[in-house]
Amino acid sequence: YANVTMIATIAAQTKCDAVWPGWGHASEYPSLPRTLNERDIGWLGPDADAMYASGDKIMSTLIAQHAKVPTVPWSGSGIAVKYKRGDLSEVEAGFKKSCVANLQQALECATRIGYPVMIKASEGGGGKGIRKCDSEQEMSSAYNQVVNEVPGSPVFIMKLASNARHLEVQLLADSWGNAIALFGRDCSMQRRHQKIIEEGPVINVDEKLLLEMEASAVALAKSVHYVGVGTVEFLYDNDSKAYFFLELNPRLQVEHTVTELISDINLPACQVMVAMGIPLHCMSDIRKLYQQSDIHGTSTFALSNENRMRPCRHAIACRITAENPMNNFAPTSGHIAELHFRSMPNVWGYFSLKSQSSIHDYADSQFGHIFASGKTRDEARRAMVMALSQLEIRGEIRTTIEFLSSVLENAEYKAAKFHTTWLEQQMAKKSMVRVPSHLTPQKIVLLGVVASGD
């Protein structure tokens, strides 16, 4: 699933019409749509040039600056480049100017921007290739860690907003030049820069500002002739009440179900229709969203926020991982004896494993995702707490189920008063319950003895 040559070869051998990118792995490799195009095989996403320009963290930020989308101070501040289809020479020149090539350049850049800063590898992701740096004394260690975690990746530096939220705008664009925003998601609940809880729609942010953020995302998509689904990520500063561009993910994200629940839009189905050349105004889900009387019609209409329905419900997503909260969330592996999940009318989830299966040492720690919805945020939250309490996983692995429940029951989470570093601060204060309250250390030892048969 990460080998472009193999994917293209299998697609040709099976005589398929198109390839659906999914998420992660080869879904962000520009070489994949380029190779498929050479073999006359369809691709359910942006073309190679748009993916190359918008999918890279540095290039997309340069293009965002040209599109007048707000950006935080960073190593490429003030460098404006215009995207030209088929000619990326200007973008690539700006790219080189925006990178830091060694520790000395990193130190000079951080001094110019002002600490604290984030050192990021443009090809990093999933918590890798990113380090916070509070002072010049920390720069050498942080820079070397980023370089070593993503070998060969270009590196850039950006100002850190300490009291910020991570907000996302879901994009959908057709091949006729139309692009819309399908509301937003709040992915601020993170640990080590990894999302653990996502939700939508965004609350506790001025509605006019949210609409402005959505308009910025749409403008960016149109500037690179984007086609398909994508996500524009922003930082929202709780203090200044301003937003700043982070990056554009040129694919469907694992938390896309949150958007589907709050908008009643089937995003994978839209991907297929876009690849078939169907314009947005001919898709029934889109016509319903924009309150058209004939949802199966083909008439054009203004894709404006004035016509768009409001989110129909609130949704919360929790990532289920094989990590041990009692051991600094170290990944665990081993046999899974039982896995039982009970779907409910307002709760849905999926798992990559089942009873009598196992997680090997090199697997990604996430093996499940649960989504809960409700008429209100609190109704969705309570549904998720109930779902987690009924999720049964027994075996050699450890999970974050109880930890997630304790987050959802936290008073500040209930009031939506959190930011990207809130969770780590709570953990430092030991205010999070990491294991079931009835499992004392003595009971854990006894259970371990019984399980081992000693």
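Conventions and cut-offs
Residues numbered from 1 in each chain as written. Predicted model: local features only at pLDDT ≥ 70, side-chain atom pairs only at ≥ 80, totals over all residues. Heavy atoms only, no water. Pairing = 2+ DSSP bridges. Helix = DSSP H or I, 4+ residues; strand = E, 2+ residues; numbered from the N terminus. Axes fitted to C-alpha atoms, helices over the stretch in contact; angles between N-to-C directions. Core = buried A, V, L, I, M, F, W, Y, C linked by side-chain atoms within 4.5 Å. Buried < 20%, exposed > 50% of the residue type's maximum accessible area, 1.4 Å probe, protein only. Phe/Tyr/Trp six-rings, centres within 6.5 Å; stacked < 30°, edge-to-face > 60°. Lys NZ or Arg CZ within 6 Å of the ring centre and 35° of its normal. Salt bridge = Lys/Arg side-chain N within 4 Å of Asp/Glu carboxyl O. 1 Å grid on protein atoms, 1.4 Å probe; cavity = no way out; pocket = protein on both sides within 12 Å on 5 of 7 lines; lining within 4 Å. Points joined across faces, edges and corners; volume = space filled by probe spheres on them. Nonpolar A, V, L, I, M, F, W, Y, C, P; charged D, E, K, R; others polar. Arc of directions from axis to C-beta. Contact = heavy atoms within 4.5 Å.

S.K.: Could you give an account of the sheet that holds strand E14 (residues 334–340), naming the residues involved and the relevant values?
M.R.: The strands making up a sheet associate through hydrogen bonds between their backbones, and the pairing can be parallel or antiparallel. What the three strands build is an open sheet, ordered E16-E14-E18; its pairing is antiparallel. Either end of the sheet is taken by a strand with one partner, and the two such strands are strand E16 (357–359) and strand E18 (392–395). Averaged over all pairs of adjacent strands, the angle between their axes in this sheet comes to 40 degrees, without regard to strand direction. In this sheet, E18 lies alongside E14 in antiparallel orientation, the contact comprising four bridges. If you follow Glu338 over to E18, its bridge partner there is Arg394.

S.K.: I'd love a proper account of the nonpolar core, names of residues and values included.
M.R.: Among the nonpolar cores identified, the biggest contains 38 residues, and Ile197, Ile320, Phe367 and Ile370 are the most heavily contacted of them. Contributing elements (two or more residues each) for this core: strand E8 (194–200), strand E11 (314–321), E14, strand E15 (347–351), strand E17 (366–374), helix H12 (377–390), helix H13 (401–408) and helix H15 (422–428). In terms of residues, this core owes the most to one element, H12, which gives six residues. Ranked by size, the runner-up nonpolar core spans 30 residues in total, among them Ala50, Ala64, Ala221 and Tyr236.

S.K.: How would you sum up the packing of aromatic side chains? Please name residues and give values.
M.R.: Applying the stated criterion across every chain, the model contains 11 aromatic pairs. A ring pair is formed by Phe418 and Trp422, whose centres lie 6.4 Å apart and whose planes are at 55 degrees; its orientation type is tilted. Both residues of the pair, Phe418 and Trp422, belong to the buried class. These aromatic residues form a ring-pair network of at least three members: Phe234, Tyr243 and Phe245. Its guanidinium or amino end placed over the ring of Tyr413, Arg377 lies 4.5 Å from that ring's centre, counting from NZ or CZ.

S.K.: Which residues make up the pattern of salt bridges, and what are the values?
M.R.: According to the stated counting rule, one finds 25 salt bridges in the structure shown. Salt-bridge contacts for Arg165 lead to Asp186; the nearest nitrogen and oxygen are separated by 2.7 Å. Of this pair, Arg165 sits in strand E6 (residues 164–173) while Asp186 sits in strand E7 (residues 179–191), placing them 21 residues apart in sequence. Where salt bridges share partners, they join Glu168, Arg185, Lys195, Glu198, Glu233, Glu255 and Arg319 into one cluster.

S.K.: So what's going on with the pairing of E6? Which residues, and what values?
M.R.: Extensive coverage of E6 is indicated by the burial of 10 of its 10 residues. Residues Ala164, His166, Glu168, Gln170 and Leu172 line one face of E6 and the alternating positions Arg165, Leu167, Val169, Leu171 and Ala173 line the opposite face, and both faces are buried. For E6 and strand E9 (residues 228–237), the ladder comprises 10 bridges, and the chain directions are antiparallel. Bridged to Val169 within E9 is Val232. With six bridges connecting them, E6 and E7 associate as antiparallel partners. Within E7, the position partnered with Ala173 by the bridge is Ala179. Joining the antiparallel neighbours E6 and E7 is a turn of five residues, in which Gly177 adopts a positive phi near 90 degrees.

S.K.: Hey, could you go over the pairing of E11 for me, with residue numbers and the actual values?
M.R.: Most of E11 is tucked away, with eight of its eight residues classed as buried. Note that E8 and E11 share four bridges and pair antiparallel. In the strand pairing of E11, Glu198 is matched with Ala317. Across eight bridges, E11 lies against E17 in antiparallel orientation. In the strand pairing of E17, Arg319 is matched with His369.

S.K.: An account of empty space enclosed by the protein is requested, with residue identities and associated values reported.
M.R.: Going through the model one piece at a time under the given rule, you end up with one cavity of 30 Å³ or more. Reported here for the largest cavity is a volume of approximately 50 Å³. Thr61, Thr71, Val72, Trp74, Phe156, Met158, Phe245 and Leu246 are the residues that line the largest cavity. Looking at the lining of the largest cavity, the elements that each hand over two or more residues are strand E5 (155–159) and strand E10 (242–249). Residues belonging to the lining of the largest cavity are distributed by class as follows: six nonpolar, two polar and no charged.

S.K.: Break down helix H2 (residues 31–38) for me, citing the residues and quoting the values.
M.R.: Within an α-helix, residues lying three or four positions from one another point in the same direction, as the helix has 3.6 residues per turn. Among the residues of H2, those classed as buried are Leu32, Pro33, Thr35 and Leu36. Taken end-on, H2 shows its buried residues confined to a sector of 160 degrees, consistent with a single buried face. Opposite its buried face, H2 presents the exposed residues Asn37 and Glu38, each directed more than 90 degrees away. In this fold, the buried residues of H2 make contact with helix H1 (4–13), strand E1 (18–19), strand E2 (42–43) and helix H3 (48–55). Positive backbone phi, approximately 60 degrees, marks Asp40, located one or two places after H2.

S.K.: Residue-level account of the sheet that holds strand E4 (residues 128–133), with values.
M.R.: The three strands are arranged E4-E3-E5 in an open sheet whose pairing can be described as antiparallel. Of all the strands in the sheet, just E4 and E5 have a single pairing partner and so form its edges. Each strand axis lies, on average, 20 degrees off the axis of its neighbour in the sheet, ignoring direction. By the bridge criterion, five bridges tie strand E3 (residues 117–125) to E5 in an arrangement that is antiparallel. Note that in E5 the partner of Met118 across the bridge is Met158. Contacting E3 and E5, helix H4 (residues 57–66) crosses the sheet at an angle of about 115 degrees to E3.

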